[in-house]
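The lines below spell out each chain.
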Amino acid sequence: MRLLSSIKSIFSSKPTIDVVQSKSNSNIVGNKEPICPYCDGELDKMPGRKKKCPNCENFIYIRTSPKDKVKILIREDHDRSY
């Protein structure tokens, strides 16, 4: 009976604050500021739709963050990952 109690306590324990913070920081994708996600070059203003970076000429995609409801700039390879 003690073995079952110890197994149950292992699986029912909540993760520590450090683990939760590290998981949430790893899911951050995109920029909220008008900065190219490829080359970190500054853009004149926040684009309203897909645009090529004037510095590196890669496509920048604009999406709305589901958590914050804020427009973010993402790379093409991050388009489906957020």
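Residues numbered from 1 in each chain as written. Predicted model: local features only at pLDDT ≥ 70, side-chain atom pairs only at ≥ 80, totals over all residues. Heavy atoms only, no water.

**Quick notes on the packing of aromatic side chains**
1) Next: Counted according to the given criterion, the structure contains zero aromatic pairs.
2) Next: Its guanidinium or amino end placed over the ring of phenylalanine 59, lysine 50 lies 4.5 Å from that ring's centre, counting from NZ or CZ. (Phe/Tyr/Trp six-rings, centres within 6.5 Å; stacked < 30°, edge-to-face > 60°. Lys NZ or Arg CZ within 6 Å of the ring centre and 35° of its normal.)

**Thoughts on the side chain of asparagine 31**
1) Next: You can see asparagine 31 is positioned in the loop between α2 (17-26) and β1 (51-52).
2) Next: Of the polar contacts made by the side chain of asparagine 31, one reaches the backbone oxygen of isoleucine 35; its length is 2.8 Å.
3) Next: Asparagine 31 has contacts with Cys36, Pro37, Met46, Lys71, Ile72 and Leu73, leaving out every residue within four places of it along the chain. (Helix = DSSP H or I, 4+ residues; strand = E, 2+ residues; numbered from the N terminus. Polar contact = N/O pair within 3.5 Å; in protein donor to acceptor, adjacent residues only side chain to side chain. Contact = heavy atoms within 4.5 Å.)

**Focus: a nonpolar patch on the surface**
1) Next: Taken together, Leu3, Ile7, Ile10 and Phe11 make up a surface patch of nonpolar side chains, about 480 Å² in accessible area.
2) Next: Along the chain, leucine 3 falls in helix α1 (residues 2-12). (Patch = residues over 30% accessible without salt bridge, like charges linked within 9 Å, V, L, I, M, F, W, Y side chains within 5 Å. Areas by Shrake-Rupley, 256 points an atom, 1.4 Å probe, with all protein chains shown as cover. Salt bridge = Lys/Arg side-chain N within 4 Å of Asp/Glu carboxyl O.)

**Remarks on the nonpolar core**
1) Next: Membership of the largest hydrophobic core is limited to six residues, which are Cys36, Leu43, Cys53, Ile60, Ile62 and Leu73.
2) Next: Every residue in contact with cysteine 36, bar those within four places of it in the chain, is listed here: Asn31, Gly41, Leu43, Cys53, Cys56 and Ile60. (Core = buried A, V, L, I, M, F, W, Y, C linked by side-chain atoms within 4.5 Å. Buried < 20%, exposed > 50% of the residue type's maximum accessible area, 1.4 Å probe, protein only.)

**Topic: unusual backbone geometry**
1) Next: Phi at aspartate 40 takes a positive value of approximately 60°, unusual for a residue other than glycine.
2) Next: By the secondary structure assignment, aspartate 40 is in the loop between α2 and β1.
3) Next: Relative accessible area serves as the criterion here: at 58%, aspartate 40 is assigned to the exposed category.
4) Next: The backbone of glutamate 57 shows a phi angle near 60°, a positive value even though the residue is not glycine.

Such coordinate-based values are descriptive only and should not be taken to indicate function.
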